[in-house]
Amino acid sequence: MAEYHCFQALGLRIVLHVDRCLFYEVNNLTFDLLCTLQNRSMEDAVLSLLRRYHKQDIDHAVDNLWREDFLSETPWPQPQPETVKRPLSTLELCVTHGCNLACRYCYGAHGHSECESCVLYGAQAGPMARETAMRGVNFLYANSGRLKTINVVFFGGEPFLNFELMKEVTAYCREKERQNGKSFDLSVVTNGTLFGEEQVRFVNENRIGVQISIDGPPDIHDANRPYRDGSGSYSTVASALALLRKSGRRHVPARTSVASGNADTMRTFLHLLEMGFTSVHIEPCLAQSGNAAMTSADIDHLIAQEEEIAGHFVKHIRAGPYLNYHGLVRHVRGTRVVHQRRFHYCGAGRGLICLSNEGDFYPCHRFLGMKEYRIGSLDAGIDDSKREPFRMLHVDARPVCRDCWARYFCGGGCWSHAAGANGTLETPDEEVSCRLIRRQIELAMAINASLRVSDRAIVQGIYESETLPYLKE
Ligand code: SF4
Ligand code: SF4
């Protein structure tokens, strides 16, 4: 038998052929047959099904399994993992390690509630120097091979604390673009609290993508993301969004962290939709977030809410308004592409790197200041031996992932979740992260199975138009 996975979601019975990366909505008989075959021989399975189904229907279902390669004389060929060395495509530029908020789960504080100027990042606090930033851009440029477009993401801390540097880097990138022809896609991830008319003008005039961190309605957001004096930041963030929308910007993605005890994602989803966000990237707080880290029980609750969101998505996809709920939409897109396997979850350490204010490179912002994951520096360049695991530990090479039915759609999960939970890149955070990812992938297949062909084109459009480049895989 081929490797397959049977499940039910959104009232449908679905079976995934793992190696073909192809799923089928099946009738009760085929579903029962495949479920029974998971632990019985064909002879036993047919015998047990004869109590409920006609022999000729069972024979027909078995014929279909042969035709679709669930049954085969020869083993499915081993896939060729993608391990080629990629050029750099994205630089996360931490223009400051400082922040004006004191978020409950800040990984910069490594689980401590007192995040004094984010000094606990493990990297030095404070702004990035101009020279460091420009050298970072040059490094990205020089190592981007033949790519026609490269991405710079202004990260922090809160990047707008160093607005002057953002302006200088932007001007530098645009000048480089004019001289050399390679284009820069610029974006910023901001907490939205330092975002007035001037900032709106700046991002619009310079075509800079803006992702705003917001955790939901005021009660949830303010509990998670207070200022340092303990007061809530919701109303300031809501004003920033209003300014952006008023300026004519159509797409504003939200970045939402879900902390232990307040995983009210359905309410958050509807609230963000009503506010005018067009996309939401949900991040469960995992290890490194101290007492905000989600537990297994939180994940059960979160999964139940994702099912509701999936149902809402199917119901409203034709009429809109819609919200690109990234956790599902990325998999809706991924599971539509037949025979295409993902060997990695994200580009961290491969096409994507992060530059600290000290001039050190890390695989992505989540590793900032974790010296054991430092992969190089502006002075020494990138140490390929440190970067290699991010390329070579693809899903077929990782002990837990290679036995997981979801591997070619998942790609192996977030490296930082693995490192935070298990202290190693090799082993994913099964209890929390994997359970959520697997159900998201099942729901995504069920969404696809529920949609008409024309609806699926709408989904593709949502994904393409509203996902910041660095969030795409
Ligand atoms: S769900 Fe978990 S075990 Fe499965 S491929 Fe993803 S990270 Fe690996
Ligand atoms: S998924 Fe995880 S490892 Fe990858 S870029 Fe995002 S935070 Fe970093």
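Quick look at the structure, then. Every value quoted in this text rests on a predicted model; they were computed, and no experiment measured them. (Residues numbered from 1 in each chain as written. Chains lettered and ligands numbered in written order. Predicted model: local features only at pLDDT ≥ 70, side-chain atom pairs only at ≥ 80, totals over all residues. Heavy atoms only, no water.)

## Quick look at helix α1 (residues 28-37)
Here α1 lies mainly inside the structure; 8 of its 10 residues are buried. In this structure, the buried side of α1 is in contact with β1 (4-9), β2 (12-17), α2 (42-49) and α3 (55-67). (Buried < 20%, exposed > 50% of the residue type's maximum accessible area, 1.4 Å probe, protein only. Helix = DSSP H or I, 4+ residues; strand = E, 2+ residues; numbered from the N terminus. Contact = heavy atoms within 4.5 Å.)

## Thoughts on the site of ligand 1
Every residue near ligand 1 is listed here: Val400, Cys401, Cys404, Arg407, Cys410, Gly412, Gly413, Pro428, Cys434 and Arg438. Those elements that place two or more of their residues in the shell around ligand 1 are α13 (407-410) and α15 (430-450). Considering only residue class, the shell around ligand 1 consists of 6 nonpolar, 2 polar and 2 charged. (Near = heavy atom within 4 Å. Nonpolar A, V, L, I, M, F, W, Y, C, P; charged D, E, K, R; others polar.)

## Structural notes on the side chain of Thr36
Within the secondary structure, Thr36 is located in helix α1. For Thr36, the contacting residues outside a window of four places in its chain are Ala45, Ser48 and Leu49.

## A few points about the sheet that holds strand β3 (residues 22-25)
The strand order across the open sheet built from 3 strands is β1-β2-β3, with neighbouring strands paired in antiparallel fashion. Among the strands making up the open sheet, the edge pair consists of β1 and β3. Pairwise comparison of adjacent strand axes, ignoring direction, gives a mean angle of 25 degrees for this sheet. By the bridge criterion, 4 bridges tie β2 to β3 in an arrangement that is antiparallel. Bridge assignment links Val15 to a residue of β3, and that residue is Tyr24. Taken strand by strand, α1 contacts β1 and β2, and its axis lies near 130 degrees from that of β1. Against the sheet, α15 contacts β1, β2 and β3, and its axis sits at roughly 70 degrees relative to β1. (Pairing = 2+ DSSP bridges. Axes fitted to C-alpha atoms, helices over the stretch in contact; angles between N-to-C directions.)

## Examining the nonpolar core
Judged by nonpolar contacts, the single largest core of 102 residues is most densely connected at Leu93, Phe154, Val169, Phe184, Phe277 and Phe361. In terms of residues, this core owes the most to one element, α15, which gives 9 residues. Both domains that meet at this core, namely domain 1 (4-67) and domain 2 (90-344 + 454-471), each give it at least three residues. Setting aside its immediate chain neighbours within four residues, Phe184 contacts Val137, Leu140, Tyr141, Ile150, Val152, Cys173, Arg174, Lys176 and Glu177. One finds Tyr24, Phe31, Leu34 and Ala45 within the second-largest nonpolar core, a separate group that totals 20 residues. (Core = buried A, V, L, I, M, F, W, Y, C linked by side-chain atoms within 4.5 Å. Domains from an automatic or database assignment.)

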